[in-house]
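# Chains, contacts and geometry: an overview
Okay, here's what each chain looks like letter by letter:
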Amino acid sequence: MGQAKRSSKGGGIIGLIILASMFIILPLGLLAFEIGRFTWATQQLRTSVDAAALAGVAQLAGASLANTQSTQQNAINSAVIIFRQNQVMGDPLASTPDPNGSTPRGTPTNGQNSQNPNNPAPHQAALRIQLLDTNRNEVKLGDVNGRRMRVTGFYGYVPAFGNIVGVGNFTITAVSDGAVPMLDLVICFDVSGSMDDETVVYFVRRRWDPTQIGANGTPGRIVYDIVGNSAGRLFQKLQPPKTGTSVNVLPPQNLSLSSYIDTSPINTRSQGNATPIPFSEFHGQSPPPSPPTPGLRAVNTANNPAASEVGRPPGNFSYIDPLYNKGEDNNSVSSGNVNVDANCAPIYTDLIVNIGTSALFPGIGTAVEASRGNLDTDQARTNSKASTVPGMPGASSGYQMSYQTRASMASVPINFSRTETNNFVDLMMTNTDAHFGLTAFSDDVNQSLTLPNVDSHWPLAGNGNFSVPLVQLSNSVANNDTVKTAVSSLKPLGKTNIYAALTEAINELTSNASRSESRKAIILFTDGIPNKGISSAGPGSPTGFNSPAAQDARTAAQRAKDNGIPIYCIGLSNNGSLATDMNVFLKETAPSGSQPPGLAYMTNGRYWNVNNATQLQQAFRQIARELVQLVNTF
């Protein structure tokens, strides 16, 4: 048999296939591999610059430095650190030189800067970091308008099969813009009466003692008995209900509220105090007599009992009553005043903040007289008998204001809350595009009140005007200075109506007053839990995180959640069961058992329990970081 001849045509086809594989298919496969590898390298570089931009702008927003240039430089440094912690195609970026470009020009870590930052060597990377304003125009380091950060990364890419597919080394570029978002923030600031409950105070009985020699060498002088013999926190001294006391260290003082007694457990205590300290004008009666019986009178005003001494609050203690009198001789009268010795029942006439001692305030007596206004003029010093006290400083205009300023600075927690709130406003204005609103709240929001300076039982001390300010959000102005001025004026006043504050804040953030493209948030300050809501809460009303007032606040929080508005909650109390209830009411973690959800948890917000200025500053910095987002990636 003969063999079949091989087809020359079939052999040609096979040859063509082999040639195609060598010169077409294989290069195409290598090219596809190279494209995939290039894409992966590009993605790794993009991820690195994204992380750097986000880290830099987070530092920019959360920095504690007020100096713009230092803040921006620290933000740039943070971006560089994060970039260097990454890698591209297995090449570590740790040796990437310091950023080149217009903002800033740094010195490379390796001491060299010969390479073109836009064309790094193979397997190497370079950075350019620029500061931009809100319109993405480049600005110089230190410019207050530098609120955005652009990070450009360069990588010297080496193709795996470059020679085969005809592709040489080249530079990959990735750009990322980071910025805190445009922010509309409403601060809900608690100015309830308990916002100074952590203040260290003295309860002082100012009285006339005819047995002691005065500064002028004659018998008789003012003396000052410290009731309880020592200073202490206001809350500890009185042990009021867990919602706190509305006795205040500065006007309006509401001093008669210290007189009410309630020895029931703190969780059921409604209005009184477990350790009451009677105010001299209240006469220890609960409820007080109507009208109250005059109990105090000024020195040398026996013939004019309606006249007050110069300054305020009441004059010397001189009330004769079996409740107060501990064996005093009722016939012992000097300058129209019955002497009451140091063994008298624990009655006080003045509540004084512990402002320490100094040349201006050498002792507690100086603080008492200054708080009354008895050291502002020579006549006041003489008429009030403050001049009889040995070592009492001479009169000087502004003494009363000086005491009030120092007492305000020593008031806790409201003073460090005011200070750090204003610092936060400054920080956000330096580093972000923020607009602010302020909703202060006590019994309600946006109130202007006329209240007794000392107490309704001592009308001769006069009335003062006190406000619960409201600064409404604006879509055209930042309001930063207006909010700071309002915050600086805040004083403790009444109850805690968180429902009203949140309702007002949500109304503003969902209205035309808020910028449509802004990110919105509420920052809630409170030293406890609400004790007033939609309806008035009187004595005996339930308290705690399950009270009707607390439920009203949760209703408002649900509305915030429905509108995508997180509530960042800051709790300011560390008083026993009050702090426990506050933590449940505000917390960000999921509720346990029968507990209701906290306001932060309900709204996807955060919660911080702070006890001092440092902790509050840290909370504000974390809030700033929470609001950071990556706004654009190329």
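The structure contained in this document is the topic of the report that follows. (Residues numbered from 1 in each chain as written. Predicted model: local features only at pLDDT ≥ 70, side-chain atom pairs only at ≥ 80, totals over all residues. Heavy atoms only, no water.)

Our focus in this paragraph is the nonpolar core. Counting residues in hydrophobic clusters, the biggest one holds 40 residues, and the most contacted among them are Phe189, Phe436, Phe525, Ile570 and Ile623. Contributing elements (two or more residues each) for this core: strand S7 (183-190), helix H8 (414-431), strand S13 (434-441), strand S15 (463-468), helix H9 (480-488), strand S17 (519-526), strand S18 (567-571) and helix H14 (613-626). Of all the elements, H8 adds the most residues to this core, at 6 residues. Not counting the four nearest positions on each side in its chain, Phe525 is found in contact with Ile187, Cys188, Phe189, Asp190, Ser417, Thr421, Phe441, Ile570, Leu572, Leu616 and Phe620. Counting 37 residues, the second largest nonpolar core, distinct from the first, contains Leu238, Phe282, Ala386 and Tyr399. (Core = buried A, V, L, I, M, F, W, Y, C linked by side-chain atoms within 4.5 Å. Buried < 20%, exposed > 50% of the residue type's maximum accessible area, 1.4 Å probe, protein only. Helix = DSSP H or I, 4+ residues; strand = E, 2+ residues; numbered from the N terminus. Contact = heavy atoms within 4.5 Å.)

Helical periodicity: at 3.6 residues per turn, an α-helix aligns residues three or four positions apart in one direction. Taken as a whole, helix H7 (residues 399-409) has its buried residues at Tyr399, Gln400, Ser402, Tyr403 and Ala407. Here the buried residues of H7 occupy an arc of 160° about the axis, which is enough to place them on one side. Across from the buried face of H7, at angles greater than 90 degrees, the exposed residues are Met401 and Met409. Summarising the contacts, the buried residues of H7 are in contact with strand S12 (350-353) and helix H5 (364-372). (Arc of directions from axis to C-beta.)

To continue, consider the pattern of salt bridges. Summed over all chains, the structure comprises 14 salt bridges. Two residues, Arg372 and Asp350, come together in a salt bridge whose shortest N-O distance is 2.7 Å. With Arg372 in helix H5 and Asp350 in strand S12, the pair connects residues that are 22 residues apart, well separated along the chain. As far as burial versus exposure is concerned, Arg372 and Asp350 are alike and both buried. For Arg515, the salt bridge goes to Asp433, with nearest N and O atoms at 3.3 Å. Of the two residues, Arg515 sits in the loop between helix H10 (498-509) and S17 while Asp433 sits in the loop between H8 and S13, which places them 82 residues apart along the sequence. Each of the salt bridges in this network shares a partner with another, and the network as a whole consists of Arg136, Arg150 and Asp177. (Salt bridge = Lys/Arg side-chain N within 4 Å of Asp/Glu carboxyl O.)

Right, let's talk about the environment of Met89 for a bit. With respect to the helices, strands and loops of the structure, Met89 is situated in the loop between strand S1 (87-88) and strand S2 (91-92). The exposure class of Met89 is partly exposed, given its relative accessible area of 23%. Sequence separation between Met89 and Arg37 is 52 residues, and the spatial gap between their C-alpha atoms is 8.5 Å. Setting aside chain neighbours within four positions, we find Met89 in contact with Arg37, Trp40, Ala41, Gln44 and Tyr155.

Moving on: the packing of aromatic side chains. One pass over the structure, following the stated rule, counts 10 aromatic pairs. When the ring of Phe38 is compared with that of Phe170, the centres are 5.6 Å apart and the planes differ by 50°; the resulting orientation is tilted. One end of the pair, Phe38, is in helix H1 (residues 8-62); the other, Phe170, is in strand S6 (residues 170-179), and 132 residues separate them in sequence. Its relative accessible area of 31% is what places Phe38 among the partly exposed residues. Here the aromatic cluster, defined as three or more aromatic residues joined through ring pairs, consists of Phe189, Phe424, Phe525 and Phe620. (Phe/Tyr/Trp six-rings, centres within 6.5 Å; stacked < 30°, edge-to-face > 60°.)

To continue, consider the pairing of S17. Of all 8 residues in S17, 7 are buried, a share of seventy percent or more. Here S7 pairs with S17 via 7 bridges, running parallel. The residue bridging Phe189 from the neighbouring strand is Phe525, located in S17. With 5 bridges connecting them, S17 and S18 associate as parallel partners. Bridged to Leu524 within S18 is Cys569. (Pairing = 2+ DSSP bridges.)

Right, let's get into the side chain of Ser417. In this fold, Ser417 is placed in helix H8. For Ser417, a relative accessible area of 0% puts it in the buried group. Within the local environment of Ser417, its side chain forms a polar contact with the backbone oxygen of Pro413, the two atoms lying 2.8 Å apart. Residues contacting Ser417, with those up to four places away along its chain left out, are Phe189, Met195, Phe525, Leu572 and Leu616. (Polar contact = N/O pair within 3.5 Å; in protein donor to acceptor, adjacent residues only side chain to side chain.)

Further remarks concern the packing of H5 against H7. Relative orientation of the contacting elements H5 and H7 amounts to 110°, with a least axis distance of 7 Å. Here H5 is positioned roughly perpendicular relative to H7, judged by the angle of their axes. The handedness of the crossing between H5 and H7 comes out as left-handed. Packed against H5, whose contacting residues are Thr366, Ala367, Ala370, Ser371 and Arg372, the element H7 presents Tyr399, Gln400 and Tyr403 at the interface. For the contact of H5 with H7, the per-class residue count stands at 4 nonpolar, 3 polar and 1 charged. (Axes fitted to C-alpha atoms, helices over the stretch in contact; angles between N-to-C directions. Parallel < 35°, antiparallel > 145°, perpendicular 65-115°, else oblique. Left-handed = near helix turned anticlockwise from the far one by under 90°. Nonpolar A, V, L, I, M, F, W, Y, C, P; charged D, E, K, R; others polar.)

Here the focus is the sheet that holds strand S8 (residues 200-213). Backbone hydrogen bonds hold the strands of a sheet together, and the pairing may be parallel or antiparallel. Here we have 3 strands laid out as an open sheet, ordered S9-S8-S12, and antiparallel in their pairing. The strands lining the two open edges of the sheet, one partner per strand, are strand S9 (219-233) and S12. Going across the sheet, the axis of each strand differs from the next one's by a mean of 40°, ignoring polarity. As paired strands, S8 and S12 are joined by 4 bridges and run antiparallel to one another. Pairing of Phe203 across the sheet is with Leu351, part of S12. Where H5 meets the sheet, it contacts S8, S9 and S12, and its direction lies at approximately 110° from that of S12.

It is worth spelling out the sheet that holds S17 at this point. Ordered by their spatial adjacency, 6 strands build an open sheet running S16-S13-S7-S17-S18-S19, and the pairing between neighbours is mixed. Taken across any chain shown, the strands that pair with only one partner, and hence form the sheet edges, are strand S16 (470-471) and strand S19 (606-609). H10 rests against S7, S13, S16, S17 and S18 of the sheet, and its axis sits at about 165° to S17. Running over the sheet, H14 touches S17, S18 and S19 and is turned about 170° from S19.

Next up on the list: the side chain of Asp455. Position of Asp455 relative to the elements: it lies in the loop between strand S14 (447-452) and S15. A distance of 3.1 Å separates the side chain of Asp455 from the backbone nitrogen of Leu255, its partner in a polar contact. For Asp455, the side chain forms a polar contact with the main-chain nitrogen of Ser256, separated by 2.8 Å. Non-local contacts of Asp455, meaning those with residues more than four positions away in its chain, are made with Asn254, Leu255, Ser256 and Phe279.

A few words on the state of the cysteines. On inspection of all chains with the given rule, the structure shows 0 disulfides. Free cysteine: Cys188, not disulfide-bonded; nearest cysteine sulfur from Cys569 at 9.6 Å. Of the residues examined, Cys569 reaches a relative accessible area of 0% and is grouped as buried. (Disulfide = S-S within 2.5 Å.)

In this section: the environment of Leu449. Tracing the backbone through its elements, the reader meets Leu449 in strand S14. Judged by its relative accessible area of 23%, Leu449 falls in the partly exposed class. Leu449 sits 16 residues away from Asn465 along the chain, and the two C-alpha atoms are 5.7 Å apart. If near-sequence neighbours (up to four positions away) are discounted, Leu449 is found in contact with Gly464, Asn465, Phe466 and Leu493.

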